[in-house]
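Structure at a glance
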Amino acid sequence: MNTDDSPRWHPVAPSADLRPGANIVAGFAEGQELALWRSADGAAQAWENRCPHRSVRFTLGHVIEDRLACAYHGWQYAAGNGQCVSIPAHPAMQAPRNVCAKVFGAVDAGGMLWVNLAAQDASAAMPSLVEAVPAGWHFCRTLTLRVGAQDVRNALARNGLTADAAKGAFQGELDGVKTAALVLDAQPQLTFIHLWTEAPPGSDAMKTLHTAARDLRSAIETQG
Ligand code: FES
């Protein structure tokens with residue numbers, strides 16, 4: 001659930017993980033299971049991971065240009081509004097207008113895909129999200145922690161990273177490497193930390209951050 005001190009926009013995946021008109025990525029935010037994908041024009045989509053026909057996970061399906069096709073009976077749903085637009089077993093039949101995927105707000109900003117469970121479009125996007133990761137920084141890795149999000153935020157602060165609420169990020173240094181950390185409240189006891197750094201891929205600093213990230217995860221899980 002949202003509280004006053006938790007952001008409404010959730011950093012669910014690095015933007016580069018979603019290829020236009022191609023793959024579907026599973027995600028979570030506040031316990032909501034998500035199917036993340038892009039239509040062929042690159043527009044980000046964040047849907048409840050459940051087909052409205054018989055509840056099969058959308059992540060088992062595939063993308064056909066600007067539609068997501070369910071793996072079970074092949075019903076196809078349109079990017080944007082999630083409307084069912086095709087039932088392949090009955091090509092002459094008009095798809096029922098009341099059959100829609102549940103659609104959430106999704107926006108790319110600062111190299112991440114952000115999802116808002118309370119919005120159906122990206123019109124309410126927070127401009128500060130663009131600055132959550134400094135321009136030109138590189139994605140390092142995502143840490144998975146079996147710990148609640150508030151405990152993770154507290155632990156990041158104890159480990160030298162400073163929260164910038166306006167940008168929705170923590171920033172500081174891990175083992176001497178400049179780092180931005182985005183916290184995703186996935187489930188009550190499941191939290192992800194997306195780590196970004198100024199250092200380019202393959203650099204010594206990036207390798208140092210990978211090691212520091214493992215140490216950070218151990219520290220957080222130990223400190224709880
Ligand atoms: S369960 Fe998805 S089309 Fe039937």
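Residues numbered from 1 in each chain as written. Predicted model: local features only at pLDDT ≥ 70, side-chain atom pairs only at ≥ 80, totals over all residues. Heavy atoms only, no water.

A few words now on the overall build of the protein chain. The secondary structure content of the protein chain amounts to two helices and 15 strands. The C-alpha atoms of the protein chain give a radius of gyration of 19 Å, which matches the 17 Å a tight globule of 224 residues would have. Counting over 224 residues, the protein chain shows a buried share of 47%. Across the protein chain, every contact between residues at least 6 apart in sequence was considered, and the portion connecting residues at least 24 apart equals 52%. (Helix = DSSP H or I, 4+ residues; strand = E, 2+ residues; numbered from the N terminus. Rg over C-alpha atoms; globule rule 2.2 N^0.38 Å. Buried < 20%, exposed > 50% of the residue type's maximum accessible area, 1.4 Å probe, protein only. Contact = heavy atoms within 4.5 Å.)

Attention now goes to the domain arrangement of the protein chain. Looking at the protein chain, the domain boundaries give domain 1 (9–116) and domain 2 (132–223). Taking the mean C-alpha position of each, domain 1 and domain 2 sit 28 Å from one another. Between domain 1 and domain 2, the contact holds 14 residues from the first and twelve residues from the second. Between domain 1 and domain 2, a total of about 970 Å² is buried, with carbon and sulfur atoms accounting for 70% of that surface. Taken together, domain 1 and domain 2 are joined by zero salt bridges. At the surface where domain 1 touches domain 2, the tally comes to four residue pairs in polar contact (both at pLDDT 80 or more). Secondary-structure elements contributing two or more residues to the side of domain 1 that touches domain 2 are strand 1 (9–14), strand 2 (24–29) and strand 10 (112–116). When grouped by side-chain class, the residues that make up the side of domain 1 that touches domain 2 number eight nonpolar, five polar and one charged. (Domains from an automatic or database assignment. Buried area = accessible area lost by both parts, 1.4 Å probe. Salt bridge = Lys/Arg side-chain N within 4 Å of Asp/Glu carboxyl O. Polar contact = N/O pair within 3.5 Å; in protein donor to acceptor, adjacent residues only side chain to side chain. Nonpolar A, V, L, I, M, F, W, Y, C, P; charged D, E, K, R; others polar.)

Strand order in the open sheet made by the six strands is 1-10-9-4-3-2, with antiparallel pairing throughout. Only two strands of the sheet have a single partner each, and these edge strands are strand 1 and strand 2. Between one strand axis and the next, the sheet turns by 35 degrees as a mean value, whatever way the strands run. One ladder, built from five bridges, connects strand 9 (residues 103–109) with strand 10; its direction is antiparallel. Each bridged residue has a counterpart across the sheet, and for Ala109 the counterpart in strand 10 is Met112. (Pairing = 2+ DSSP bridges. Axes fitted to C-alpha atoms, helices over the stretch in contact; angles between N-to-C directions.)

Attention shifts here to unusual backbone geometry. Positive phi, close to 70 degrees, is recorded for Ser55, a residue that is not glycine. Secondary-structure assignment places Ser55 in the loop between strand 4 (44–48) and strand 5 (62–64). With a phi angle near 50 degrees, Asp175 is a residue other than glycine that sits in the positive phi range.

Moving on to the pattern of salt bridges. Under the definition given, this model contains three salt bridges. For Asp108, the salt bridge identified is with Arg38, shortest N-O distance 2.8 Å. Of the two residues, Asp108 is situated in strand 9 and Arg38 in strand 3 (residues 32–38); the sequence distance between them amounts to 70 residues. Residue Asp108 is classed as partly exposed on the basis of its relative accessible area of 34%. Exposure remark for Arg38: the relative accessible area of 6% places this residue in the buried category. The salt bridge involving Glu48 is made with Arg50; its shortest N-O contact spans 3.7 Å.

In this structure, Leu143, Val152, Leu156, Ala181, Ile193, Leu195 and Ile220 are the most contacted members of the largest nonpolar core, which totals 22 residues. Going through the elements one at a time, strand 11 (138–145), helix 1 (149–158), strand 13 (169–174), strand 14 (177–187), strand 15 (190–197) and helix 2 (204–223) are the ones with two or more residues in this core. With six residues, helix 2 is the largest single contributor of residues to this core. Once you skip the residues sitting within four places of it in the chain, Leu156 turns out to touch Leu161, Phe170, Ala181, Val183, Ile193, Leu216 and Ile220. Among the nonpolar cores identified, the runner-up in size contains 18 residues, and Ala35, Val56, Val63 and Val103 belong to it. (Core = buried A, V, L, I, M, F, W, Y, C linked by side-chain atoms within 4.5 Å.)

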